[in-house]
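Listed below, chain by chain, are the residues.
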Amino acid sequence: MNWDETGSDIDQRLVDSGADGEDQAVEAALRPKDLDEFVGQEKVREQLDLVLRAARARGATADHVLLSGGPGLGKTTLSMIIAAEMNAPIRITSGPAIQHAGDLAAILSSLQEGEVLFLDEIHRMSRPAEEMLYMAMEDFRVDVIVGKGPGATAIPLELPPFTLVGATTRAGLLPPPLRDRFGFTGHMEFYEPAELERVIHRSARLLDVEIDVEGAAEIAGRSRGTPRIANRLLRRVRDYAQVKADGVINRDIAAAALKVYEVDARGLDRLDRAVLGALLKLFSGGPVGLSTLAVAVGEERETVEEVAEPFLVREGLLARTPRGRVATPAAWAHLGLVPPQQGPGGSGQQGLFGA
């Protein structure tokens, strides 16, 4: 099945953990304002609370904070809570927006004392800006280069103390000198269903949506462990309940609504099931090369590898091996298929596509 032919775009997947314009607007209204209101991430919350309390007691600026983890888990929310807890303004930018050291120098030089600078996707910052950030984080100064060539002059610029909050989905791409300059590092884990149920109940109250315990559990179980997806599914189920029912969300209404949006009981959507279906039905469960699998579902190799595979691997439905992608017994069971019987030498189909 070609994903584009279904009339949906990859960027518009209901279970995509990225945020579009609608998500950003709704998240602003649903975002908790302090650590006590923040749901989940117990260890990170406890550790961060100690860091912020100690900084306030000393009357000092909080240490620089690095938050890592998948998109939609609350890194931006925590950065805003840090600013609120420190009673400080916050400046928000992102790594891709800082392509030159001058871009970073302009931001840093305009910071107020104690201000929080939130740098999303910090791993995508340019190398010259990254090297300037080392000195800014450690010594609160930067050297601004004036002129070019032999006549260039470095002018030191003192900065007021500030707190940098960096967020990344790929902490391994950060160079050690940058990681070492953060006083606190927190890794955001995927949420358990019970935690997502709390998120959904809280969001439902703020959205003035009536939902029962079983309805919240049904949505939470399909939310891929991600609050952003849980809130998005809640809004779509709310729409269905208002149009098709009396506006109250229960288990049956939630299940019926998410069936319309093709999100199954484990949170898989059409693209996920297309990948699994091709792997099982066309290649007998693998192993099969990534490029071959991408052609079979009518998608780019990068789309399959970066959009569909991470969740399938995390759910234990697909495995990456040196010979190619392999379906697990759970994948056969989820699609209601029976694995083929293997002879002593294994399947010839598997060897053919093992590259």
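Provided above is the structure to which this section pertains.
Remember, predicted model here, so these are calculated numbers, not experimental data. (Residues numbered from 1 in each chain as written. Predicted model: local features only at pLDDT ≥ 70, side-chain atom pairs only at ≥ 80, totals over all residues. Heavy atoms only, no water.)

Chemist: Quick question: what am I supposed to make of the nonpolar core here?
Modeler: Soluble globular proteins tend to bury their nonpolar side chains together. Leu48, Leu78, Ile200, Ile211, Ile219, Val237 and Ile249 are the most contacted members of the largest nonpolar core, which totals 48 residues. In terms of residue count, helix H9 (residues 227-244) provides more of this core than any other element does, seven residues in total. Leaving out residues up to four positions away in the same chain, Ile200 has contacts with Ile211, Ala216, Ile219, Ala220, Ala230 and Leu234. (Core = buried A, V, L, I, M, F, W, Y, C linked by side-chain atoms within 4.5 Å. Buried < 20%, exposed > 50% of the residue type's maximum accessible area, 1.4 Å probe, protein only. Helix = DSSP H or I, 4+ residues; strand = E, 2+ residues; numbered from the N terminus. Contact = heavy atoms within 4.5 Å.)

Chemist: Please explain the pattern of salt bridges as it appears in this structure.
Modeler: For side chains bearing opposite charge, pairing can occur when the charged atoms are close. In this structure the tally under the stated criterion is 19 salt bridges. The salt bridge involving Glu262 is made with Arg270; its shortest N-O contact spans 2.9 Å. Residue classification places Arg270 among the buried residues on the basis of a relative accessible area of 19%. Arg320 serves as the salt-bridge partner of Glu309, at 2.8 Å between the closest nitrogen and oxygen. Here Glu309, found in helix H13 (residues 301-314), pairs with Arg320, found in strand S10 (residues 318-321); they are eleven residues apart in sequence, far enough to count as distant. In this structure Glu309 comes out as buried when scored by relative accessible area, which is 0%. Residues joined in a network through salt bridges with shared partners are Glu214, Glu218, Arg222 and Arg251. (Salt bridge = Lys/Arg side-chain N within 4 Å of Asp/Glu carboxyl O.)

Chemist: I would appreciate a short explanation of the sheet that holds strand S1 (residues 65-68) in the present structure.
Modeler: To summarise the sheet geometry, strands pair through backbone hydrogen bonds and adopt either a parallel or an antiparallel arrangement. Spatial ordering of the open sheet is given by S2-S3-S6-S1-S7, a layout of five strands whose pairing is parallel. Unpaired on one side and paired on the other, strand S2 (90-94) and strand S7 (184-187) mark the two borders of the sheet. Within the sheet, the average angular offset between the axes of one strand and its neighbour, ignoring direction, is 15 degrees. Inspection of the sheet shows S1 paired to strand S6 (residues 163-168) by four bridges, in the parallel sense. For Leu66, the partnering residue across the bridge sits in S6 and is Gly166. (Pairing = 2+ DSSP bridges. Axes fitted to C-alpha atoms, helices over the stretch in contact; angles between N-to-C directions.)

Chemist: Explain helix H3 (residues 75-85) to me, please; I cannot follow it from the model alone.
Modeler: An α-helix turns once every 3.6 residues. As a result, residues three or four positions apart point the same way. Buried within H3 we find Lys75, Thr77, Leu78, Ser79, Ile81, Ile82 and Ala83. In this structure, the buried residues of H3 make contact with helix H2 (42-58), S1, S2, strand S3 (116-120) and S6. Asn87 sits one or two positions beyond H3 and adopts a positive phi of about 55 degrees.

Chemist: Explanation requested: the environment of Val237 in the structure shown.
Modeler: Among the secondary structure elements, Val237 is positioned in helix H9. Val237 has contacts with Ile219, Ile249, Ile253, Ala254, Ala257 and Leu258, leaving out every residue within four places of it along the chain.

Chemist: Sorry, what's going on with the environment of Leu14 here?
Modeler: Locating Leu14 in the fold gives a position in the segment before helix H1 (21-30). Owing to a relative accessible area of 15%, Leu14 belongs among the buried residues under this scheme. Distance in space between the C-alpha atoms of Leu14 and Asp269 is 8.1 Å, their sequence separation being 255 residues.

The quantities given are spatial measurements derived from coordinates; they are silent on function.
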